[in-house]
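Examining the three-dimensional arrangement
The primary structure of each chain is shown beneath.
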Amino acid sequence: MTPMIRLAIPLLLPDVPDLSDECVVRLQRLLERRDGMREVHVVDSQLCLHYDPERMTLEQLNALAIAAGAEIGNRYGHLVIPFREVGAEDHGGRIEGALTSFDGVTAASANFVAQTVRVEYDRQVTDRAAIETRLRELGAVPAAVAGDLPAIPSTPAAPTGGPAASWYARNRELAWSLLAGALLLAGWLSSGWSESPARLSLVLFIASYLFGARDNVSHFVADLRKGRLHPNIDLLMVVAAGGAAILGEWREGALLLFLFSLGHAMERYAMGRARSAIAMLAELSPQTATVIRSGMEEEVAITSVRAGDRVVIRPAERIAVDGEVRDGRSAVNQSPITGESIPVDKAPGDQVFAGTVNGEGALVVEVTAAIGDRTLDRVIRLVAEAQTQKAPTQQFTDRFARIFVPLVLIADLFMMSVPPLLGIWSWGDAFYRAMALLVAASPCALALGTPAAVLSGIAQAARNGVLIKGGAHLESLGAITTLALDKTGTITRGEPEVTDLHPAPGVDEAVLLGVTAAVEQRSQHPLARAVLRTAARRKVSVPIAGDLESVTGRGLRSTVHGQRIEVGRLLLFEEAGADIPAFVRERVSSLEAAGRTTMAVKRGDAWLGVIGIADEARSDVRLTLNRLRATGIRRIVMLTGDNSGVGNAVASAVGITEVRAGLLPEDKVTAIDELRREGGVAMVGDGVNDAPALARATVGIAMGGAGTAAALETADVALMGDDLGRLPFAIGLSRASRRVIRQNVAISLSVIALLVVTTTTGVIGIGPAVVVHEGSTLVVVANALRLLLYRLTN
């Protein structure tokens, strides 16, 4: 068996948004051609490299992989470009096709609902400016962006010219639609009172056509000019309205275009609500900050603030930077970033995030991340990426529409010609029913239902401190029934605390704690910090210790007031041949059985007692796990590198019955693989040590994304606050999103089937078909927007 190493693909290709990107395949092919490489393949988000150890060392292989990733990353760029002023749901497909055929663009994925497009391009052939110019030619005006992965655009600024001009600019499509409706109504009324009703009505109906079909025809004509004719929804509507005109049914054709354009305007307004829910993220950070320079306070643009600057945060002011508090105390409302409902107290040494709101105290914060590297910036970029990633159901509906629309056109031609030739219908009747079929079979609701639900779900999650990095992860999380949890930092606080003090007979607790703290204050071990924190809380006097001797894996030796002090495991004393009294052994045994780490303390020849330390479970974990079970999680497994005694003690405290202890990082990966054989599994960890297991799980969920860049980059879902209590909300929202997606698909297909049958049999005509068609589209969009109101009820 050839040696093999696994490298995380996000580390080799940091700018690649997901594993379906072609750059991953390019990296495989590039490495496979290298001398000494036996096999290269992808397992989840890891690149497995099988190599010949006689021809290259492990260090050479690692350097080779990093160099190959850099070579590909330097050549191929990735953009996420928000665009504006696109009002047709099939325009996304038009943009994808046009960009993909553009020289230098290797892949493009457009999302009409989110109004963003993701582009991969060859830097040796084209650049951002050329791609944005191409977008403008397609009628998709790029929003103002900065960097390769831009921020989500806010609502476009209204042009100058007064309130009327501003209203028209924002609601142009609605204005045209209403004008088309007014002309339609005038044409219908004129037939009753005009001296020449037919001529005047015809003029009014034609005018109604012009305003009602303006967008559709412009897209249709633009395609013809470029020598392309897409069998899309616009084409179906233009052909149907044209057919009605040929039949002399100008009123029905005008009604079709009016209702269709009105439906589009209402859809745009409704989807704008979902987009604005995410776009609000970009508006969280102030554009200026008060910086201390040369001893003076100076208000500067946020773009000029650099790491190391000191920024003054006044009471009730929104914080503009990520940084560490250097002076002052205050409570900070972190809900915009982490979703925490209660303000968090901040003191010197604590971290604050851009976009959060200061309370009543003033703070001086040292900047740790300049604009572009802040947590808020990373979240915005990742959400922008998430909007362009299509869910499995959306991929299915896109494929369905691409096949279905051409079939409808073929069926329409058949319907117009075959029944009249067979003498079943007249030519006029057949033509009219064929036009009605075009309206009935237009898959608008199908095209909008899934992306609208995905966008709403991601928006509501982001507003509540949960970052879901794409529609695929939203759907996958909603199907999870098995949950694997890391122990340290996930179930527990991640910081050990003194839980037990057992002084020897005649020894006071304060003496035991003070002497131990004196020795431990020179140690950097986490257990030492736990002892010092407890001594400080209890206001115990801590004497000064002499020189420290550390015995690796055993404990510490020092002197206090000239007396020799020993603190550590029993092994420290056993190896020295000390006589260990029964009460010390009994206390150590009982504490370790309860999952505690123990310290025995001895002064000279006298034993002072035993201290128990544990990383205790978070206070709300049991309640959170019960809520998770209520959402449909049937199996919860704890994975830990600690021994089984510690693992079982923590599991028992929080109500987990299945524990896998003593696991190395690779053992956690194996455990995830075993759980995946029984179905989808979500893994929750800290996003750093658990990265391999997070990558291997069906859905990787990272804790504390607000303070950890690795958590944001590694996992599929990030809980922005260090709060496991957000997980039931995230899973419940994902399940609700899956239900809404399925409901929308069912509604869309049912309405199409109903309209196809009723229009082809002549039960209803073009007018009623348009009403039902547009009504179903608005229903699925409104159904998706319900997710913006989702709250976990149990």
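These remarks concern the structure in this document. (Residues numbered from 1 in each chain as written. Predicted model: local features only at pLDDT ≥ 70, side-chain atom pairs only at ≥ 80, totals over all residues. Heavy atoms only, no water.)

**What to know about the overall build of the protein chain**
Let me state the cut-off plainly: Counting from the N terminus, the helices are the DSSP runs of H or I reaching at least four residues and the strands are the DSSP runs of E reaching at least two. Exposure is judged per residue with a 1.4 Å probe applied to protein chains only, and the accessible area is read against the type maximum: over 50% gives exposed, under 20% gives buried, and values in between give partly exposed. Any two residues whose heavy atoms approach within 4.5 Å at even a single point are treated as in contact. In this description, accessible areas are obtained by the Shrake-Rupley approach with a 1.4 Å probe, and a residue is regarded as covered only by the protein chains that are shown.
Scanning the protein chain for helices and strands turns up 29 helices and 29 strands. Put simply, the protein chain has 794 residues, and 53% of those count as buried. When contacts within the protein chain are restricted to residue pairs at least 6 apart in sequence, those whose partners lie at least 24 apart make up 67%. Of the roughly 34100 Å² of accessible surface on the protein chain, a fraction of 55% belongs to carbon and sulfur atoms.

**A look at unusual backbone geometry**
A positive phi angle is found at K539, which is not glycine, with a value near 55°. Examined against the element boundaries, K539 turns out to sit in the loop between α20 (526-537) and β20 (549-551). Assessed through its relative accessible area of 76%, K539 is described here as exposed. For H561, which is not a glycine, the phi torsion comes out positive at approximately 55°. Along the chain, H561 turns up in the loop between β21 (555-560) and β22 (563-568).

**Things to note about the nonpolar core**
This is how the line gets drawn: Definition of nonpolar core: a set of buried residues of the types Ala, Val, Leu, Ile, Met, Phe, Trp, Tyr and Cys, connected through side-chain atoms within 4.5 Å.
Core analysis: the biggest nonpolar cluster contains 43 residues, and L483, L485, I656, I701 and L727 have the highest contact counts within it. Ranked by the residues each element gives to this core, the list is headed by helix α28 (residues 727-760), at eight residues. Leaving out residues up to four positions away in the same chain, I656 has contacts with L485, I491, L625, R629, I636, M638 and A651. F205, Y209, L257 and A769 belong to the second largest nonpolar core, which has 34 residues in total.

**Some remarks on the pairing of strand β27 (residues 681-685)**
To be explicit about the condition: In this description, strands pair whenever DSSP reports at least two bridges between them.
Among the five residues of β27, five are classified as buried, and the element is accordingly described as predominantly covered. Neither face of β27 is open: one carries V681, M683 and G685, the other A682 and V684, and all of them are buried. As paired strands, β27 and strand β28 (residues 699-703) are joined by four bridges and run parallel to one another. Residue pairing in the sheet places A682 in a bridge with V699 of β28.

**Here we look at the environment of V344**
Within the secondary structure layout, V344 lies in strand β13 (residues 344-346). By relative accessible area, V344 is classed as partly exposed at 23%. Between the alpha carbons of V344 and V332 there is a distance of 5.2 Å; along the sequence they are 12 residues apart. Leaving out residues up to four positions away in the same chain, V344 has contacts with S330, A331, V332 and Q334.

**As for a nonpolar patch on the surface**
Stated formally: Patch definition: residues above 30% relative accessible area lacking any salt bridge, with like charges linked at up to 9 Å and the nonpolar side chains Val, Leu, Ile, Met, Phe, Trp and Tyr linked at up to 5 Å. Salt bridges are defined by distance alone: a side-chain nitrogen of Lys or Arg within 4 Å of a carboxyl oxygen of Asp or Glu.
On the surface, L179, L202, I206, L210 and F211 cluster together into a nonpolar patch covering about 400 Å² of accessible area. Inspection of the secondary structure puts I206 in helix α8 (residues 197-212). A residue is classified by how much of its surface remains accessible, and I206, at 34% relative accessible area, is partly exposed.

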